[in-house]
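Secondary and tertiary structure notes
Given next are the chains, with one letter for each unit.
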Amino acid sequence: MENLQVEDRLNLKAKKFLMWLFIIASFMMFAALTSGFIVYTEGNAERGIKVLLPKAFMYSSVIIILSSITAHMAYLAAKNLQLGKQKLYILLTILLGIAFFYSQFQAWQALYNSGAYFVNYNASQSFIYVFSGAHLIHVIVGLFFLIYALIGAIRNIPQVRNVFRMEVASIFWHFLDILWIYLYVFLLLNQ
Amino acid sequence: MASTAIHDSAVLHQHDDHGHDHGHHKETFITKYIFSQDHKMIAKQFLITGIVMAVVAMILSILFRLQLAWPDESFPLLETFLGEKWAEGGRIKPDFYLAIVTIHGTMMVFFVLTAGLSGTFSNLLIPLQLGARDMASPFLNMISYWLFFTSCVIMMCSFFVESGPASSGWTVYPPLSALPKAISGSGTGMTLWLISMVLFVASSLIGALNYISTILNMRTKGMDMWKMPLTIWAFFLTAIVGVLSFPVLVSAVVLLIFDRSFGTSFYLSDIVVAGQILPNQGGSPVLWQHLFWFLGHPEVYIVIMPALGITSEVIATNSRKPIFGYHAMVYSLIGITVLSFIVWGHHMFVTGMNPFLGGVFMITTLIIAVPSAVKTFNYLATIWRGNLRFTPAMLFAIGLVSFFISGGLTGLFLGNAALDINLHDTYFVVAHFHLVMGCAAIFGMLCGVYHWYPKMFGRLMDERLGYIHFWLTFIGAYLVFFPMHFMGIDGVPRRYYAFTEFAFMQEWLTVNVFVTWAAIISALAQVAFLWNFFYSIFYGKKSPQNPWDSNTLEWTAPVKHLHGNWPGEIPSVYRWPYDYSKPGHYTDFIPQTTPFSETMSSNLLHDFEGNPEAEHIQQEWDRQNASERHNPEQV
């Protein structure tokens, strides 16, 4: 049986590693998009973002940083066996995630109103939608991970698994946070 | 994750029930053969799907070879099978010709040589050669196969839509691929191509993540990285290349989808279709080429590296010699991995690229010749004065080395930015990549199938059919692709429908007839393989546990497949996998599971990696048994 437990732990380690690899893969996707943006924009002086980025992007950044903090609190709570606290913080993170969604939509609205449409002969502006849209799809995935962790906590699954789920969800959520900041800074630098 | 529980309970069962009876898994047909989470079954699923796709793609190639050889002839049979729409009057129509060229390329590169090759052998060998019960996540592994299967089905479906399959070449360059009105193949067929590719990328990404995580985390006791067989090194680096390059294709495809369906202008600008000016402005078609080739070039290494890994293992085993330069082999694989990401521009020399940038890409491209040559010389040095056993697998491995040399040499010409102006998009390119990544990789795959067939099905394939298969395919492939070099040097462009349309191409028609006959013969040779493969699953000779007297771990697992691979404990590893014909030992192979304490008569001091105690014991033993040592001065 001891052997089994060792194998079991190794297995979880290998699975957690899958998440890191997934993060690398998904970062490559955004690296491709952003370098695509550079190649495209450098090609011609008429291209470029050429509008002020909406304020909502800033609010989004604040929201997602806050949610990253709550995700970490949930992880700490899970580690210390404070299940009530863990559930609360996961729930908070999920709510902040949804607020992030709302804020991004607001940003799109603002972009649209300022004339930077998605269907645009200056594709640099279309790229803003692609960046934030692709990021939002990742946020949806992140929400699923959080919900999965929440369900685990509610069902009172064994602590090893609970911490594992919580850890995977929070690693991914921090990645989403850092990814958005990368995208936002990238856009700001190219404004 | 749901898979955690399922997998662990499987391992649990393995342990609890061990020793009672072996029919204990309450597996239904569906969980065993269809939605299986067992890596060995998934490997077989990948292999058989890959073989089916290979046959389809091969038939497509014969169809366009017929057109190329006899552009004016009519084959009523074609109309019977393909219908009036595609082969009116028994002649393949131009639209259909472009479609089959495109789909042939896509299927061969992605479905056969990526999923069929990596998917099969990574899944089969990683857990078995490393001593793991299964993959890091068997559940995701299953998902990976079913995404692949779905993507194959969608690609096949595109043959049955009104406007036909995608036909802008396997690289689907916009604007041709971005405008549904440009050619009929850019309609629904192209949409299906894109959907299929997105699923395919998801499948290979999930696969690659699993392979890397398993290799890094789930090796058995004693199996440090430098004791891994070269197959595993190759799969590992292939998976890394995949993780870093496939997401880029997704980005490119997403933008293309927006251009096609939403009216954006990422790739489109200044286009007139059928007299109408399109509204799209400001896009850059070269952007697609950058993004595509950032995947596309590493992709060819994704195709060839597993084949090289498989070959290393098979050549060493069948030469009864340690692989020559194990570390050099690993470092050259790492070198290829790194370099593969900084050479994509050599596909774009004639896009109006800055000549300085062209020079940079030329240099990086030519540097890849160095690790490739290191590998080639190491294969040759391994074979040199070996005790060769010409099993079918060995023949295919040697065939790979041959193709890798003859195809690789022409890469030096194509990688040269100045020469490429002349050679770009000619048959010279076709000859080059079919030899170096097409034939070489498929030979690596076939070599793996012949070698590990006993591991997959517990039976042996027929050797005589294997020899027929090898010689016909080997000679046939050279006869098909060698003449194409000369056509390319003469400037004959690839993908052209009829050689009768241009005076300078007409003189090559006779060569085309020759090539087509060679292609038909090598295609028929595959029947020998297919018969051999499927017949032997049921009626082949039963295989012993270690049919090739091989050192690696997979041959210590029982012939009968178990969920969990080994009954009881996983064996530990004590030595590297290439102790073949070690002087002083009574057999010509020492499995990785044999501890040095059992092979005192053959141990060398450097085997102990600087462990003073072990060295001391060995020296003590040597002194007492001086007469038994073959080469005492070596110690």
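Residues numbered from 1 in each chain as written. Chains lettered and ligands numbered in written order. Predicted model: local features only at pLDDT ≥ 70, side-chain atom pairs only at ≥ 80, totals over all residues. Heavy atoms only, no water.

1. Regarding the packing of helix 10 (residues 326-339) of chain B against helix 12 (residues 369-383) of chain B
Residue and element names in this part refer to chain B. Which entries qualify depends on this criterion: Lines fitted to C-alpha atoms define the axes, with helix axes restricted to the stretch in contact, and inter-axis angles between N-to-C directions lie between 0 and 180 degrees. By the criteria applied, helices consist of DSSP H or I runs no shorter than four residues and strands consist of E runs no shorter than two, each listed in order from the N terminus. Here is the rule for angles: anything less than 35 degrees is roughly parallel, anything more than 145 is roughly antiparallel, 65 through 115 is roughly perpendicular, and the remaining ranges are oblique. Helix crossings fall into two classes, left-handed where the near helix is turned counterclockwise from the far one by less than a right angle and right-handed where it is turned clockwise. Here a residue-residue contact requires only that any non-hydrogen atoms of the pair lie within 4.5 Å. As a working rule, the residues Ala, Val, Leu, Ile, Met, Phe, Trp, Tyr, Cys and Pro are called nonpolar, Asp, Glu, Lys and Arg charged, and the rest polar, with Gly in that last group.
Interhelical geometry of helix 10 versus helix 12 gives an angle of 150° and a closest axis separation of 8 Å. When the interaxial angle is binned, helix 10 and helix 12 end up roughly antiparallel. For helix 10 against helix 12, the interelement crossing comes out left-handed. Contacts between helix 10 and helix 12 pair Ala-328, Met-329, Ser-332, Leu-333, Gly-335, Ile-336 and Leu-339 from the former with Pro-371, Ser-372, Val-374, Lys-375, Asn-378 and Tyr-379 from the latter. Among the residues forming the contact of helix 10 with helix 12, the class breakdown is eight nonpolar, four polar and one charged.

2. Concerning the interface of chain B and chain A
As a reminder of what qualifies: Note on definitions: buried area is the accessible-area loss of two parts on being combined, 1.4 Å probe, summed for both. The salt bridge definition used is simple: a Lys or Arg side-chain nitrogen within 4 Å of an Asp or Glu carboxyl oxygen. The definition of a polar contact used here is a pair of N or O atoms within 3.5 Å, where within protein one atom must be able to donate a hydrogen and the other to accept one, and adjacent residues in sequence count solely through side-chain atom pairs.
Facing the 46 residues of chain B at the interface are 38 residues of chain A. Summed over both sides, the interface of chain B with chain A buries roughly 3,500 Å², with 71% coming from carbon and sulfur. In this assembly, chain B and chain A are joined by zero salt bridges. Our enumeration of links across chain B and chain A arrives at five residue pairs in polar contact (both at pLDDT 80 or more). Looking at the side of chain B that touches chain A, the elements that each hand over two or more residues are helix 1 (2-17), helix 7 (188-217), helix 8 (230-261) and helix 9 (285-319) of chain B.

3. Brief notes about the domain arrangement of chain B
Residue and element names in this part refer to chain B. Heads up, the rule is: Note that the domain bounds reflect an automated or database-derived domain assignment.
Here chain B is described as being made up of domain 1 (34-542) and domain 2 (564-634). Facing the 23 residues of domain 1 at the interface are 20 residues of domain 2. When domain 1 packs against domain 2, close to 1,900 Å² is buried across both sides, 51% of that on carbon and sulfur atoms. Of all residues in domain 1, Arg-133, Lys-227 and Arg-320 give up the largest surface area on contact with domain 2, accounting jointly for 40% of the area buried on that side. Here domain 1 is connected to domain 2 by two salt bridges. Here Glu-609 and Lys-227 are joined by a salt bridge, their closest N and O atoms 3.6 Å apart.

4. Focus on the state of the cysteines
Residue and element names in this part refer to chain B. Where we set the bar: Disulfides are defined as cysteine sulfur pairs within 2.5 Å. In this scheme, a residue with accessible area under 20% of its type's maximum is buried, one over 50% is exposed, and one in between is partly exposed, where area comes from a 1.4 Å probe on protein chains only.
For the structure on display, the rule yields zero disulfides over all chains. You can see Cys-157 has no disulfide; the closest cysteine sulfur is in Cys-152, sitting 11 Å from it. A residue is classified by how much of its surface remains accessible, and Cys-157, at 36% relative accessible area, is partly exposed.

5. Looking at the packing of helix 9 of chain B against helix 13 (residues 392-414) of chain B
In helix packing, the relevant descriptors are the interaxial angle and the interaxial distance, both defined with respect to the helix axes. Residue and element names in this part refer to chain B. At their nearest, the axes of helix 9 and helix 13 sit 9 Å apart, and the two run at 130° to each other. Of the possible angle classes, the one that applies to helix 9 and helix 13 is oblique. Here the hand of the crossing between helix 9 and helix 13 comes out left-handed. For the pair helix 9 and helix 13, contact is made by Ile-304, Ala-307, Leu-308, Thr-311, Val-314, Ile-315, Asn-318 and Ser-319 and by Ala-393, Met-394, Ala-397, Leu-400, Val-401 and Phe-404, respectively. For the contact of helix 9 with helix 13, the per-class residue count stands at eleven nonpolar, three polar and no charged.

6. Side note on the side chain of Ser67(A)
All names here are of chain A. For Ser-67, the location among the structural elements is in helix 2 (residues 56-79). A polar contact of 2.7 Å, which involves the side chain of Ser-67, links it to the side chain of Trp-173. In contact with Ser-67, not counting residues within four places along its chain, are Thr-93, Leu-96 and Trp-173.

7. Some thoughts on the environment of Leu47(B)
All names here are of chain B. Among the structural elements, Leu-47 can be located in helix 3 (residues 39-69). Once the C-alpha coordinates of Leu-47 and Met-107 are considered, the two residues, 60 residues apart in sequence, prove to be 14 Å apart. In this structure Leu-47 touches Thr-120, Met-445, Val-449, Met-456 and Phe-533, once residues within four positions along its chain are discounted.

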